[in-house]
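Observations on chain architecture
These are the residues of each chain, in order.
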Amino acid sequence: MDTLSRTARTTRVVITAVVCALLLGGTLWGSDDDFPFGPFRMYAGVNPPNEPAPDPRIEGVTADGTVILLDEKRTGLRRAEVEASQDAYAADPSLLRQVLEAYEKRNPQATPLVEVRYVNRMHEIHSGRPTGKWTDNVLADWRVAR
């Protein structure tokens, strides 16, 4: 086994110290955007066993009233991207046009949508288990102008 030179050991110690300082600083003052040097809070918490669990979603509605879940498979937009835009959609529902455009691009033969909405579905939980019941709160609603 070869031994490290003094310079190589010093270099490794300095790099380790810098990485540790970044991790500590990110943990104390960072946000999810600083990952992997900041905390990744997305899964850091847990809901109490009898409180509803949120399930934010974007839905499209066809002219006949059929509701279509506009998920990653149908739009190419990741759930985290959509959830990060929740406040923006609520402030300006016309931004949901971007979701519609992504849906139409991936599904050119699909039935046209007349409405796109951002919905926060709250799943009822009892003793830590889903009951199968939920309520929907529409946070943003945009009518498609054709």
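Cut-offs used in this document
Residues numbered from 1 in each chain as written. Predicted model: local features only at pLDDT ≥ 70, side-chain atom pairs only at ≥ 80, totals over all residues. Heavy atoms only, no water. Salt bridge = Lys/Arg side-chain N within 4 Å of Asp/Glu carboxyl O. Buried < 20%, exposed > 50% of the residue type's maximum accessible area, 1.4 Å probe, protein only. Helix = DSSP H or I, 4+ residues; strand = E, 2+ residues; numbered from the N terminus. Pairing = 2+ DSSP bridges. Axes fitted to C-alpha atoms, helices over the stretch in contact; angles between N-to-C directions. Contact = heavy atoms within 4.5 Å. Phe/Tyr/Trp six-rings, centres within 6.5 Å; stacked < 30°, edge-to-face > 60°.

1. Some remarks on the pattern of salt bridges
Counted under the stated rule, the structure contains 11 salt bridges. A salt bridge links glutamate 59 to arginine 57; the shortest N-O distance between them is 3.9 Å. Under the relative-accessibility criterion, glutamate 59 is labelled buried at 4%. Residue arginine 121 pairs with glutamate 59 through a salt bridge whose shortest N-O separation is 3.9 Å. In this pair, arginine 121 is assigned in strand β3 (residues 113-126) and glutamate 59 in strand β1 (residues 53-62), connecting sequence segments 62 residues apart.

2. Some thoughts on the sheet that holds strand β2 (residues 67-69)
Read across the sheet, 4 strands follow the order β2-β1-β3-β4 without closing on themselves; strand pairing throughout is antiparallel. Among the strands making up the open sheet, the edge pair consists of β2 and β4 (129-143). Across this sheet, the average inter-strand angle for adjacent strands is 35°, counted without regard to direction. Where β3 lies against β4, 11 bridges are found, and the strand directions are antiparallel. Bridge pairing in β4 places histidine 123 opposite tryptophan 134. Of the strands in this sheet, β1, β2, β3 and β4 touch helix α5 (residues 97-106), which is tilted by about 105° from β3.

3. Looking at the environment of histidine 123
When you line up the elements, histidine 123 lands in strand β3. By relative accessible area, which is 25% here, histidine 123 ends up partly exposed. Each C-alpha atom, one on histidine 123 and one on threonine 135, is 6.8 Å from the other, the two residues being 12 residues apart in sequence. With sequence-adjacent residues up to four places away left out, histidine 123 is seen in contact with Pro52, Ala53, Asp55, Lys133 and Trp134.

4. Topic: the packing of aromatic side chains
Enumeration over the complete set of coordinates arrives at 1 aromatic pair. Measuring from centroid to centroid gives 5.7 Å for tyrosine 89 and tyrosine 118, while their planes differ by 40°, and the two rings are tilted. With a gap of 29 residues between them, tyrosine 89 in helix α4 (residues 86-91) and tyrosine 118 in strand β3 connect regions that are remote in the sequence. In this structure tyrosine 118 comes out as buried when scored by relative accessible area, which is 1%.

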